[in-house]
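As a plain string of letters, each chain reads:
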Amino acid sequence: MSDYHERIIIGGAIEPDLHPVNVRRGSDMPGRVAHHGRSDRVINILLWKSRLAFIRGDEEHGCRNLGRALHYVQDKSVSFGRNLSSHDRLEEEIGEMSVPEMAIEIGLDNALCSPIYVSECVRSIEPKRDAYDAIYQATYVSAALTSAVVGTTEATPDLGRELRRAVILHHYVLSPLAFASAFIVVALALISGHLELSALAPVMIGAALVSEWRYRSARKVAQWYGIE
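In this report, the structure presented in the accompanying data block is examined. Predicted model, so just to flag it, every value in this text is computed and none were measured. (Residues numbered from 1 in each chain as written. Predicted model: local features only at pLDDT ≥ 70, side-chain atom pairs only at ≥ 80, totals over all residues. Heavy atoms only, no water.)

## Details of the pattern of salt bridges
Quick note on the threshold: Salt bridges are defined by distance alone: a side-chain nitrogen of Lys or Arg within 4 Å of a carboxyl oxygen of Asp or Glu. Runs of H or I in DSSP of at least four residues are treated as helices and runs of E of at least two as strands, each being numbered from the N terminus. Throughout this description, buried means an accessible area under 20% of the type-specific maximum (1.4 Å probe, protein chains only), exposed means over 50%, and partly exposed covers the range between.
Evaluated as defined, the whole model comprises four salt bridges. Across the pair Arg64 and Glu15 runs a salt bridge whose closest N-O atoms are separated by 2.6 Å. With Arg64 in helix α3 (residues 59–76) and Glu15 in helix α1 (residues 3–18), this pair connects stretches of sequence that are 49 residues apart. Given a relative accessible area of 31%, Arg64 falls into the partly exposed group. One salt-bridge network, in which partners are shared between bridges, spans Glu15, Arg64 and Arg68.

Take a look at the structure:
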């Protein structure tokens, strides 16, 4: 990245300390996102905002939201500890360390430009009580997520075809067939008196749910590449 874009990312990474991100909880009540807690939801939202901005060619907003997301990624890697003083000591110890360049290289090598990879990567972050473990994880995940978000925005022709196939299968074949089969099985069980047949209905509904999951996954990957 250029120095200009690096400065935007760094500014975005500092921003949550000055203006914490708010989310709505429960009955539409806003609340601040915990910096050293389970902030997966806001991290994913910010990463998606960043990715969609890059797809639109809006590199400034892409970099800013990427920086904001990485702030929470790195905070989440640091355990809050037993109390505030122990947390401060851990952060001071981390601050005296050099960034492990090997973690950057491994993160970049292992990254996949996929929303499913991004979600799994965010979910894998755990607070670390050891200073080196914390900075290594924060560096590795930051590099991997950055590579995934700023990766190629050009979808392959196969991706469009796969999405169309998933839509057709879900809407017109698998889901209707599964629910229709479940209805028929229950009806036959009631008519014949063999109620044990109704045990097959959950299997049919489960097949429909699997179809729904595959369809949503295909849609999510398509949106990641700007395909509606």
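There is more to say, and it comes next.
## Re the side chain of Asn65
The condition that has to hold: Residue contacts follow a heavy-atom distance rule, with two residues in contact if any of their heavy atoms lie within 4.5 Å.
Here Asn65 lies in helix α3. Asn65 sits in the buried class, given a relative accessible area of 6%. If we ignore the near neighbours within four places in the chain, the residues touching Asn65 are Leu46, Lys49 and Ser50.

## Overview of a nonpolar patch on the surface
Short version of the rule: A residue counts toward a patch only above 30% relative accessible area and without a salt bridge, and it is joined to like-charged neighbours within 9 Å or, for Val, Leu, Ile, Met, Phe, Trp and Tyr, to nonpolar neighbours within 5 Å. Per-residue and other accessible areas were derived by the Shrake-Rupley procedure at a 1.4 Å probe size, with only the shown protein chains allowed to occlude residues.
On the surface, a nonpolar cluster with roughly 310 Å² of combined accessible area is contributed by Ile10, Ile14 and Leu18. Inspection of the secondary structure puts Ile10 in helix α1.

## So, α3
Filter applied, for reference: To estimate the expected span of a helix, subtract one from its residue number and multiply by 1.5 Å.
An ideal rise of 1.5 Å per residue puts 26 Å on 18 residues; α3 measures up with 26 Å between its terminal C-alpha atoms. Summarising burial for α3: 13 of the 18 residues are buried, a large majority.

## With respect to the packing of helix α2 (residues 40–56) against helix α6 (residues 115–123)
For clarity, the threshold we go by: Fitting a line to C-alpha atoms yields each axis, with helices limited to the stretch in contact; the angle taken between N-to-C directions then spans 0 to 180 degrees. In this scheme, roughly parallel covers angles under 35 degrees and roughly antiparallel covers those over 145, while 65 to 115 is roughly perpendicular and the rest are oblique. Note on convention: the crossing is left-handed when the near helix lies turned anticlockwise from the far helix by less than a right angle, right-handed when the turn is clockwise. Three categories are distinguished: nonpolar for Ala, Val, Leu, Ile, Met, Phe, Trp, Tyr, Cys and Pro, charged for Asp, Glu, Lys and Arg, and polar for the others, with Gly belonging to the last.
At their nearest, the axes of α2 and α6 sit 10 Å apart, and the two run at 150° to each other. When the axes of α2 and α6 are compared, the pair comes out roughly antiparallel. α2 and α6 meet at a crossing whose hand is right-handed. Contact residues: Asp40, Ile43, Asn44, Leu47 and Trp48 in α2; Pro115, Val118, Ser119, Val122 and Arg123 in α6. Within the contact of α2 with α6, the residues separate by chemical class into six nonpolar, two polar and two charged.

## Thoughts on the packing of aromatic side chains
Heads up, the condition is: Here a Phe, Tyr or Trp ring, Trp counted by its six-membered ring, pairs with any other such ring whose centre lies within 6.5 Å, and the pair is stacked when the planes are under 30 degrees apart, edge-to-face when over 60, and tilted otherwise.
According to the stated counting rule, one finds two aromatic pairs in the structure shown. Look at Trp48 and Trp224: their rings are 5.0 Å apart centre to centre, the planes differ by 85°, and that puts the pair in the edge-to-face class. Remark: Trp224 occurs in helix α9 (residues 201–224) and Trp48 occurs in helix α2; sequence separation between them is 176 residues. Residue Trp224 is classed as buried on the basis of its relative accessible area, which comes to 0%.

## Brief notes about the environment of Arg129
Relative to the helices and strands, Arg129 is located in the loop between α6 and α7 (131–150). For Arg129, a relative accessible area of 61% corresponds to the exposed category. Residues Arg129 and Ser79, 50 residues apart in the sequence, show an inter-C-alpha distance of 5.2 Å. For Arg129, the contacting residues outside a window of four places in its chain are Ser79, Gly81, Arg82 and Leu90.

Geometric descriptors of this kind do not, in isolation, establish any biological role.
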